[in-house]
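# Close look at the chain arrangement
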Amino acid sequence: MVRHPAGLAAEGRQGQVQALTPEQVRALLSAPGRAAVAAAQQLDLSPSGRLRSAEAVRRAYGPELGPLALEQALLRERARAKHPRGDELWWTGPALEQASSYVVARHRARRFDGPVLDLCCSVGGDLLALPAGSTGVDLDEARLLLARANAEVLGVDVSLVRADVTALPLPPGSDVFVDPARRAGGRRVFDPRAYSPPLDVVLAWRGRVRSLGAKVAPGVDHDALPDDVEVELVSLHGDVKEAVLWTGASRRGHARSATLLPAGDVLLDDPVPAVQVRPPGTWLMEPDGAVVRAHLVAQAAHQVGGWLLDETIAYVSADARVPTPYGRWFEVLEVMPFGLKPLRERLRAHDAGPLVVKKRGTAVEPDVLRKQLKLTGSREVTIVLTRVAGRQVAMVVRPDRPDVDRPDVDRP
Ligand SMILES: C[S@@+](CC[C@H](N)C(=O)[O-])C[C@H]1O[C@@H](n2cnc3c(N)ncnc32)[C@H](O)[C@@H]1O
């Protein structure tokens, strides 16, 4: 394996980071390796200091261990965003990218009341949040060594097995969780049949176990799933993380649900009266991505006494701002048919400069639009581009909580 000479393979290139061999993991977990990582964590890991730190660890710990230790220190720094103790745990670049966030893993683990078979455990992102006595299985020896070390750091009682899960006899009555690999050759795969293990293989287990939870991409095609599967969409701080398919004892009896973490608000697919389709009122609600992906916009609209602007678009409008965890409110200041000239005029009247563009159901490219509008005003203004009863409209809106920074906002 070719490693960057300064040991900076993990630096800022998501998806390009290197895996580790079992020998490299053993070197890291040895007493000198642990000392090297601890020392590297004390160095300046900022982009400007990194090169000097790389030279320092190389001088102190040699050309093999030094770069490995620095890379581990950099991974640990990034890992704090996923796990409260991420800076004490052991990672590889790809394993960190694939690891579940701790808050999400903890949430999922609550569906199980006893030991679970985690059939793609990697370094333990899920396994170590599951009930004590759980067993992790993975094919990757290096990741299993790291999972063992992570279990020791957290003081968690787990067993680890190296096996191909597609060839594993599943104990009848077991509770199973699986998070298949959704990358091949460093690239994300979108077809569930290309997951490892493939989703159809995973779903075939459900007749043999007591309960099954399977993490899949949030864009999973609901119509392609068997009827006895609950699809739970999970978002964290408004960012959609994943869908989880639940069957057997871990299913709650609903076909679709949306869970909004960290608060843990849950919206279910309870039947609601048909939602009206009407032009915008005083308020516009942008539902949380998990609500949209779980096809629960009608339920969210019903909860706030709102209506849709277009029956195919996930914006909800209402005359009053009913507090809700399921979406974010915007006050509607103006509504106009979409056109460059009238929009420019109105935005100039608002003294618009930086433009936040939110859009659904339109092909308009925000960056192209910003260039065409040539706004030079002093205020940041938010517009919503969408369809109302099939017609393109632009709305000037005011975020109800401008302090909340949402990842789905398309900012200049
Ligand atoms: C997405 S990762 C799991 C991440 C883990 N849930 C976490 O949060 O840290 C998928 C894992 O599946 C393992 N894997 C893929 N195919 C496998 C198979 N057929 N048998 C065993 N493990 C497999 C990979 O080695 C990888 O570690």
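Remember, predicted model here, so these are calculated numbers, not experimental data.

### Concerning the sheet that holds strand E18 (residues 391-399)
The mixed open sheet is built from 7 strands, whose spatial order is E13-E14-E12-E15-E18-E17-E16. Bordering the open sheet on either side are strand E13 (307-308) and strand E16 (352-359), each of which pairs with just one other strand. Pairing of strand E15 (residues 327-337) with E18, which is carried by 7 bridges, proceeds in the antiparallel orientation. Bridge pairing in E18 links Met336 to Ala394.

### Considerations on helix H2 (residues 31-41)
Of all the positions in H2, only Gly33, Ala36, Val37 and Ala40 are classed as buried. Buried positions in H2, seen along its axis, are confined to an arc of 95° and lie on one side of it. For H2, the secondary structure elements touched by its buried residues are helix H1 (22-29) and helix H3 (50-79).

### Points about the environment of Leu199
When you line up the elements, Leu199 lands in helix H7 (residues 199-204). Using a relative accessible area of 7% as the deciding quantity, one classes Leu199 as buried. The sequence separation of Leu199 and Leu385 amounts to 186 residues, and the corresponding C-alpha distance is 36 Å.

### Description of the site of the ligand
Around the ligand, 21 residues are found, and the nearest of them are Ser100, Asp126, Asp138, Asp179 and Ser196. Contacts to the ligand include Ser100, whose backbone N or O atom sits 2.8 Å from an oxygen atom. In the complex, 93% of the free accessible area of the ligand, which totals 610 Å², lies under the protein chains. Classifying every residue of the shell around the ligand gives 9 nonpolar, 6 polar and 6 charged.

### Notes on the sheet that holds strand E8 (residues 230-236)
With respect to topology, 9 strands assemble into an open sheet ordered E3-E2-E1-E4-E7-E9-E8-E10-E11, the strand pairing being mixed. Edge positions in the sheet fall to strand E3 (159-162) and strand E11 (265-268), since each of these pairs with one other strand and no more. Here helix H6 (residues 141-154) sits on the sheet in contact with strand E2 (135-138) and E3, set at roughly 175° to E3.

### What about the pairing of E8?
If a strand is regular, its side chains alternate between the two faces of the sheet. Taking burial as the measure, the 7 residues of E8 include 7 buried ones, the bulk of the element. Residue alternation in E8 divides its side chains into two sets, Glu230, Glu232, Val234 and Leu236 and Val231, Leu233 and Ser235, and both sets are buried. Pairing analysis gives 6 bridges linking E8 to strand E10 (residues 256-261), with the strands arranged parallel. Considered in E10, the bridge of Val234 is made with Thr259.

### Thoughts on the confidence of the model for the protein chain
Averaged over all residues, the pLDDT of the protein chain equals 92, while 93% of them reach at least 70. Every residue in residues 1-16 is under pLDDT 50, and counting partners more than four places away or in other chains gives 37 contacts.

### Here we look at the packing of H1 against H3
Where H1 contacts H3, the two axes come as close as 10 Å, and the packing angle between them is 80°. Taken together, the axes of H1 and H3 are roughly perpendicular relative to one another. Taking contact as the criterion, the partners of Gln24, Ala27 and Leu28 in H1 are, on H3, Leu65, Leu68, Ala69 and Gln72. For the contact of H1 with H3, a count of residues per class yields 5 nonpolar, 2 polar and no charged.

Conventions we followed
Residue numbers restart at each chain and count upward from 1, following the sequence in its written direction. A pLDDT threshold of at least 70 governs which residues receive local features in this predicted model, and a stricter bar of 80 or more applies before side-chain atom pairs are shown or counted, although totals over entire chains, interfaces and linings include all residues. Heavy atoms throughout the structure, all of them, feed into the side-chain values; hydrogens and water do not. One bridge is not enough; two strands pair if DSSP finds at least two bridges between them. Secondary structure follows DSSP: runs of H or I at least 4 residues long count as helices, runs of E at least 2 residues long count as strands, and numbering of each begins at the N terminus. Relative accessibility thresholds used throughout: buried, under 20% of the residue-type maximum; exposed, over 50%; partly exposed, between the two (1.4 Å probe, protein chains only). In this description, the arc belongs to the directions extending from the helix axis to the C-beta atoms. Working rule for contacts: check all heavy atoms of both residues, and any pair within 4.5 Å makes them a contact. Only heavy atoms are used to decide nearness, and a residue is near a molecule or strand if one of them lies within 4 Å of it. Definition of a polar contact: a pair of N or O atoms within 3.5 Å, with one able to donate and the other able to accept a hydrogen when the atoms are protein atoms, and with sequence-neighbouring residues admitted only if both atoms are side-chain atoms. Throughout, the Shrake-Rupley method with a 1.4 Å probe supplies accessible areas, and for residues the shown protein chains are the sole cover considered. Asp, Glu, Lys and Arg are counted as charged, while Ala, Val, Leu, Ile, Met, Phe, Trp, Tyr, Cys and Pro are counted as nonpolar; the rest, among them Gly, fall into the polar class. The convention used is that axes are lines fitted to C-alpha atoms, helices contributing only their stretch in contact, and that angles between N-to-C directions extend from 0 to 180 degrees. For every residue, the predictor reports its confidence as pLDDT, a number between 0 and 100. For classification purposes, an angle smaller than 35 degrees is called roughly parallel, one larger than 145 roughly antiparallel, one from 65 to 115 roughly perpendicular, and anything else oblique.

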